[in-house]
Amino acid sequence: MTDRRGTLWAAILGSGIVFLDSSVLTVALPRIARDLPAHVVGTLEGESYVYNGYLLGESAFLILAGWLTDVHGRRRIFTLGLAAFGVSSLLSGFASSLEWLIVLRVLQGISGALIVPGSLALVTASFSGEEQGRAFGVWSGASAGVAVLGPMLGGLLVDALSWRAVFLINVPLVLVALWLTRRYVGEGRVAAPSGSLDLPGTVLTALALAGLSVGAISGQQRGWSNPSAFVALSIGAIATALLPWWMLRAPDPLVPPALFRSRNFTVTNLSTLVIYAALAVTFYYLTLFLQGTLGYSAAAAGVATMPGVLLLALFSSRLGGLSARYGARWLLTLGPMLMAVGVLWLSRIPSTSPAWDLSAAAQTFTPPSGYVTSVLPGLLVFGLGATLMVAPLTATVMRSVPVERAGVASAVNTAISDVGPQLAVAVLFVAMTQNFYGALARDAPCVDVTSAAVRHAVAPLNVPGPGVSEEVQRAARDASTGAFRLAMVVAAVLLFAGALINGAGLRIPSGAPLLRVASPDPLWRRCRHIAQEIRRES
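Residues numbered from 1 in each chain as written. Predicted model: local features only at pLDDT ≥ 70, side-chain atom pairs only at ≥ 80, totals over all residues. Heavy atoms only, no water.

A. A look at the overall build of the protein chain. Each helix and strand in the protein chain was counted, giving 18 helices and two strands. Residues classed as buried in the protein chain amount to 56% of the 538 residues present. Taking the intrachain contacts of the protein chain between residues at least 6 apart in sequence as the baseline, contacts between residues at least 24 apart amount to 83%. Of the roughly 21700 Å² of accessible surface on the protein chain, 65% is carried by carbon and sulfur atoms. (Helix = DSSP H or I, 4+ residues; strand = E, 2+ residues; numbered from the N terminus. Buried < 20%, exposed > 50% of the residue type's maximum accessible area, 1.4 Å probe, protein only. Contact = heavy atoms within 4.5 Å. Areas by Shrake-Rupley, 256 points an atom, 1.4 Å probe, with all protein chains shown as cover.)

Right, dumping it as structure tokens:
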């Protein structure tokens with residue numbers, strides 16, 4: 001194996017581990033919450049923290065990680081990220097409580113932030129010209145395979161072994177990636193560091209996101225009776241207010257304010273914030289609802305959500321030519337609108353929809369009729385909308401800034417795509433919990449929904465604990481369906497808002513250079529490799 005080929009496979013394996021961990025987690029969350037003891041957090045609260053913890057670590061450190069990669073060397077930072085991801089995955093697999101797993105998920109997010117920029121930098125530095133395009137194509141295809149097969153693989157691991165296998169499977173993959181990196185990857189660094197380390201900006205970003213999301217979730221879980229929630233919210237609000245002040249005064253800010261002088265850059269990042277918030281809400285709560293309320297097995301839930309991801313992975317880059325024919329603005333308006341229609345279809349899933357047990361012991365692998373009529377059509381329409389939207393969105397972001405700022409612009413857009421989900425999940429936790437326990441109190445008046453014991457035994461979108469009467473179980477199922485419907489309606493509103501922002505805000509002049517997305521990220525978040533196309537005059 002040549003050094004360049006070994007470098008390519010090290011990059012693919014490194015980023016693939018991060019993608020795999022992200023794609024399988026939501027499938028494992030219900031089993032994690034059921035098996036791990038929680039001493040401080042509630043069930044849905046803990047699931048939210050486990051999900052948000054990774055995004056918090058990644059979004060807070062992603063831009064900083066790109067700077068470290070350039071200054072201290074691609075190989076060194078990539079290796080550090082792999083080692084840290086392996087250790088945090090090993091510890092996560094042996095976590096003894098939900099609280100410890102939350103902490104380890106934050107560390108995993110920080111580790112992932114060190115891996116992904118380095119993996120792309122390694123490919124960029126090792127290949128050029130047509131070979132670079134082919135390398136990105138191989139990278140994209142492998143990533144697409146991980147994204148498509150990840151949820152099903154995660155579900156099979158959870159059902160056949162344990163949720164712990166979802167984390168432990170990372171360890172041997174990390175070891176192989178470390179060997180490839182040590183054997184084939186050469187070091188590279190810039191001749192002179194451009195800019196300095198913006199540690200205050202990184203800290204303020206982390207405090208803002210953590211304070212707002214943790215404060216909202218913790219306060220609602222405890223009925224706003226604990227002052228710690230207000231302390232967290234205050235810290236988050238102060239950090240949020242200080243961020244723009246710091247960015248305007250820092251010599252080398254984490255997020256350069258000059259980028260936002262571009263109208264299209266500002267508009268696309270604003271739409272990214274709301275659209276990717278809706279993406280996260282849709283798949284996070286859909287996976288919980290299918291398993292915790294309707295009774296799908298983990299493997300069935302993983303397979304059930306694959307159609308939309310499959311559409312994006314197969315056709316996103318191939319439909320990039322539509323931007324040239326019809327204009328990116330119209331695709332960025334139509335795509336989110338179709339996604340919103342698909343989400344509204346999902347909101348119609350009834351509480352009586354049958355379960356799907358996809359396992360070796362199942363009598364049939366055929367999905368139930370409820371999936372075919374209530375879930376699949378919504379996911380297909382949603383996937384079609386995302387396929388139209390993702391490539392033009394990233395191409396528009398990259399075209400809205402000078403070439404020399406493309407790296408930081410991509411990192412900013414990626415970080416914003418992580419910020420939206422954290423805030424949306426936190427806000428919806430408040431609304432859904434209020435909706436759930438209000439409906440439960442109405443349908444099961446004998447239950448004291450303010451009791452901590454009741455809230456631990458009966459949580460939204462989760463299977464009620466042992467000893468809960470059939471009457472309360474039925475009421476909880478209906479209440480969870482209502483809470484899920486609320487989440488889907490909010491997601492649809494966010495998607496319509498994203499379509500409106502793009503349609504009314506973008507200004508793309510005719511005759512602008514065409515950009516083609518050669519390698520879409522199949523995890524609904526961003527596209528990785530942009531190539532300029534030469535306009536042929538007829």
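B. Region of the structure containing the packing of aromatic side chains. Taken as a whole and assessed by the stated rule, the structure comprises ten aromatic pairs. Judged by centre distance (4.5 Å) and plane angle (35°), the ring pair of Tyr51 and Tyr284 falls under tilted. Here the residue Tyr51 occupies a position in helix α2 (residues 43-72), and Tyr284 occupies one in helix α10 (residues 263-292), the gap between them amounting to 233 residues. Each of the two residues, Tyr51 as well as Tyr284, counts as buried. Centroid distance Trp179 to Tyr184: 6.0 Å. Interplanar angle 85°. Geometry classified as edge-to-face. (Phe/Tyr/Trp six-rings, centres within 6.5 Å; stacked < 30°, edge-to-face > 60°.)

C. Local environment of the confidence of the model for the protein chain. The predicted model of the protein chain averages 79 in pLDDT, with 80% of residues at 70 or higher. Within the protein chain, helix α18 (residues 470-505) carries the highest mean pLDDT (92), whereas strand β2 (residues 527-533) carries the lowest (42). (pLDDT = per-residue confidence, 0-100.)

D. Unusual backbone geometry, seen in detail. Of note, the phi angle at Leu461 is positive, near 60°, even though the residue is not glycine. As for its placement among the helices and strands, Leu461 is situated in the loop between α17 (452-457) and α18. Overall, Leu461 belongs to the buried group, its relative accessible area being 0%.

E. How the structure looks around the packing of helix α1 (residues 3-35) against helix α7 (residues 170-184). Closest axis-to-axis distance for the α1/α7 pair is 9 Å, and the angle between their directions is 155°. Comparing the axis directions of α1 and α7 gives the class roughly antiparallel. Every pair of crossing elements has a handedness; the one defined by α1 and α7 is left-handed. Of the residues in α7, those touching α1 at Asp3, Gly6, Thr7, Trp9, Ala10, Leu13, Ile17, Leu20 and Asp21 are Asn170, Leu173, Val174, Val176, Ala177, Leu180, Thr181, Arg183 and Tyr184. (Axes fitted to C-alpha atoms, helices over the stretch in contact; angles between N-to-C directions. Parallel < 35°, antiparallel > 145°, perpendicular 65-115°, else oblique. Left-handed = near helix turned anticlockwise from the far one by under 90°.)

F. Representation of the nonpolar core within the structure. Counting 94 residues, the largest nonpolar core has Ile32, Tyr285, Tyr296 and Leu440 as its most contacted members. Per-element tally for this core: the top contributor is α10, with 16 residues. Beyond its immediate chain neighbours, meaning those up to four positions away, Tyr285 contacts Ala280, Val425, Leu428, Phe429, Met432, Leu461, Phe484, Ala487 and Met488. Val18, Phe78, Leu122 and Ala177 belong to the second largest nonpolar core, which has 15 residues in total. (Core = buried A, V, L, I, M, F, W, Y, C linked by side-chain atoms within 4.5 Å.)

G. Structural detail: the pattern of salt bridges. Following the criterion strictly, the structure yields two salt bridges and no others. One salt bridge connects Asp443 with Arg442, and the closest N-O pair in it is separated by 3.1 Å. Accessibility expressed as a relative area gives 59% for Arg442, which makes it exposed. (Salt bridge = Lys/Arg side-chain N within 4 Å of Asp/Glu carboxyl O.)

H. Inspection of the layout of surface pockets at higher detail. Of the volumes computed, that of the second largest pocket is approximately 660 Å³. Looking at the second largest pocket, it is lined by 22 residues, and the ones nearest its centre are Leu243, Met247, Leu273, Ile416 and Val419. Taken together, the elements giving at least two residues each to the lining of the second largest pocket come down to α2, α8 (199-221), α9 (227-249), α10 and α16 (406-443). Considering each element in turn, the lining of the second largest pocket owes the most residues, five residues, to α16. When the residues that make up the lining of the second largest pocket are grouped by side-chain class, the tally is 17 nonpolar, five polar and no charged. (1 Å grid on protein atoms, 1.4 Å probe; cavity = no way out; pocket = protein on both sides within 12 Å on 5 of 7 lines; lining within 4 Å. Points joined across faces, edges and corners; volume = space filled by probe spheres on them. Nonpolar A, V, L, I, M, F, W, Y, C, P; charged D, E, K, R; others polar.)

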